[in-house]
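Summary of the model geometry
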Amino acid sequence: MKIVILDTETISDGSLDFSAIERLGETEYHASCSSACAAQYCRGAFAVLINRFHVDGNFLDACPSVRYIGTFSTGYNQIDLEACRARGVCVCNVPAYSTSAVSQHAICLMLMLAGKAHLYASDVSAGKWEEANYSIFCHHPEEVYGKVFGVFGLGNIGRATAKIAEALGMRVIVHTRSDSSPYPAVSKEDLFRRSDFLSLHAPLTAQTERFVDAPSLALMKPTAYLINTARGGLIDEEALADALNRNAIAGAALDCTVNEPVRPTDAIFQAKNCLITPHIAWGATETRQRLTEQVAENLRCFLTGVPKNRVV
């Protein structure tokens, strides 16, 4: 059985062990590729494993032997599910591999926004502490204790992030479709009005696209912050950039953007008070190794006739 792994450079710097996948069949690796190259590489393949590569009907038609698509991700918006369903191709994702890492990164971003530690570290490196003789107060750090931490999307990561925020003494509110929230559930409008820190943890769907738009941003406090470790498409970036540049909200921290990598010409790249990290919340070595092993387990289960984490 031929297994092809596409876009390996998006998941590994060479430090990961892929032997769990290799034990399942002849495995071929490609660091990156265009759609045309991918179709060529995957001819004769039974299983294709991807991260960011876009799977559509044209790709599947060019590779009729492919019966399985596995993602190195929780999200699967890069895959045309209807095209896979129509051709009888199974799609499996990995829903819970990054919970600890992403919740940690979301809280890290919140603490950077509140505590300004990165700004003070830069000041020390630049010799400004010596110039000040004692303390530097110019960045105005603030406590998170007692503040309202809003969560959009109460899946595994949303719950884990909320739990950490609660441990920090914050008051958690949520906007979710879940019927079993341990925290007060509020409307979308109240989520934006009440949150001091609003953290996004929902998948990108037709219903959630541009959840953060100009009308919702207008509801936020001028002292409030927005955090996104989910998907860039949850935010109307031009509306957010405008709100930041007008000081309508205090700041934002984004681990994901609509264009990845973000472009210097993108409005959000040039916005005031906006921290951007390179979609790295899931990137801890332990996290990526766990992901690789779970991708292998998904494929193994499919081969035994009992698919695991099946999307289609």
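This text follows the structure it describes.
Below, the structure is looked at part by part. Only a predicted model underlies this, so the values are computations on that prediction, with no experimental measurement involved. (Residues numbered from 1 in each chain as written. Predicted model: local features only at pLDDT ≥ 70, side-chain atom pairs only at ≥ 80, totals over all residues. Heavy atoms only, no water.)

Now for the sheet that holds strand β7 (residues 171-175). Strand order in the open sheet formed by six strands is β7-β6-β8-β9-β10-β11, with parallel pairing between adjacent strands. The open sheet has two edge strands with one neighbour each: β7 and β11 (274-276). Between one strand axis and the next, the sheet turns by 15° as a mean value, whatever way the strands run. One ladder, built from four bridges, connects strand β9 (residues 225-228) with strand β10 (residues 251-254); its direction is parallel. Residue pairing in the sheet places Y225 in a bridge with G251 of β10. Helix α5 (residues 99-115) contacts β6 (148-152), β8 (197-200), β9, β10 and β11 of the sheet and is inclined by roughly 155° relative to β9. Sheet strands in contact with helix α11 (residues 237-245) are β9, β10 and β11, and its direction is about 140° off that of β10. (Pairing = 2+ DSSP bridges. Helix = DSSP H or I, 4+ residues; strand = E, 2+ residues; numbered from the N terminus. Axes fitted to C-alpha atoms, helices over the stretch in contact; angles between N-to-C directions. Contact = heavy atoms within 4.5 Å.)

Our next topic: the packing of α5 against helix α8 (residues 156-167). For the pair α5 and α8, interaxial distance at closest approach is 9 Å and the crossing angle is 50°. Classified by the angle between their axes, α5 and α8 sit oblique to one another. Pair α5 / α8 crosses with right-handed handedness. Facing T99, V102, S103, A106 and I107 of α5, the residues of α8 in contact are N156, I157, A160, T161, I164 and A165. Tallied by class, the residues present in the contact of α5 with α8 amount to seven nonpolar, four polar and no charged. (Parallel < 35°, antiparallel > 145°, perpendicular 65-115°, else oblique. Left-handed = near helix turned anticlockwise from the far one by under 90°. Nonpolar A, V, L, I, M, F, W, Y, C, P; charged D, E, K, R; others polar.)

Bringing the layout of surface pockets into the picture now. Taking a probe equal in size to a water molecule and rolling it over the atoms shows the remaining empty space. Of the volumes computed, that of the second largest pocket is approximately 180 Å³. Forming the boundary of the second largest pocket are M112, L113, K116, H118, L119, Y225, A250, G251, N273, C274 and L275. Across the lining of the second largest pocket, the residue classes break down as seven nonpolar, three polar and one charged. (1 Å grid on protein atoms, 1.4 Å probe; cavity = no way out; pocket = protein on both sides within 12 Å on 5 of 7 lines; lining within 4 Å. Points joined across faces, edges and corners; volume = space filled by probe spheres on them.)

Now for the sheet that holds strand β1 (residues 2-5). Two orientations exist for strands paired in a sheet by backbone hydrogen bonds: parallel and antiparallel. Ordered by their spatial adjacency, five strands build an open sheet running β2-β1-β3-β4-β5, and the pairing between neighbours is parallel. If you trace the sheet from one side to the other, it starts and ends with β2 (26-29) and β5 (90-92), each paired once. Within the sheet, the average angular offset between the axes of one strand and its neighbour, ignoring direction, is 20°. Where β1 lies against β2, four bridges are found, and the strand directions are parallel. Within the sheet, the bridge partner assigned to I3 lies in β2 and is T27.

Before going further, it helps to spend a moment on the nonpolar core. Of all hydrophobic cores here, the largest spans 29 residues; its most connected members are L200, V212, L217, L226, L240, L244 and I268. Among the elements of the structure, β6, α9 (188-194), β8, α11 and β10 are those that each provide at least two residues to this core. Broken down by element, this core gets its largest block of residues, five residues, from α11. Sequence-distant contacts of L240, defined by excluding residues within four places in its chain, comprise L217, L226, I235, I249, A252, L254 and I268. Core analysis: the next-biggest nonpolar cluster, separate from the first, contains 23 residues, L16, V94, V102 and L291 among them. (Core = buried A, V, L, I, M, F, W, Y, C linked by side-chain atoms within 4.5 Å. Buried < 20%, exposed > 50% of the residue type's maximum accessible area, 1.4 Å probe, protein only.)

Along the polypeptide, P307 turns up in the segment after α12 (285-303). A relative accessible area of 32% places P307 in the partly exposed class. Each C-alpha atom, one on P307 and one on C92, is 8.0 Å from the other, the two residues being 215 residues apart in sequence. Every residue in contact with P307, bar those within four places of it in the chain, is listed here: C301 and F302.

Inspection of every chain in the model, using the stated rule, returns zero disulfides. There is no disulfide at C33, and the cysteine sulfur nearest it, in C37, is 6.6 Å away. Overall, the relative accessible area of 23% leaves C33 in the partly exposed class. (Disulfide = S-S within 2.5 Å.)

Moving on: the side chain of H30. Residue position: H30 is located in the loop between β2 and α2 (35-41). Here H30 is in contact with V4, I5, L6, D7, T8 and Y41, once residues within four sequence places are set aside.

What follows concerns the pattern of salt bridges. Summed over all chains, the structure comprises twelve salt bridges. Linking E260 and R52 is a salt bridge whose minimum nitrogen-to-oxygen distance equals 2.9 Å. Separated by 208 residues along the polypeptide, E260 in the loop between β10 and β11 and R52 in the loop between β3 (47-50) and α3 (57-62) bring together distant segments of the chain. For E260, a relative accessible area of 27% puts it in the partly exposed group. (Salt bridge = Lys/Arg side-chain N within 4 Å of Asp/Glu carboxyl O.)

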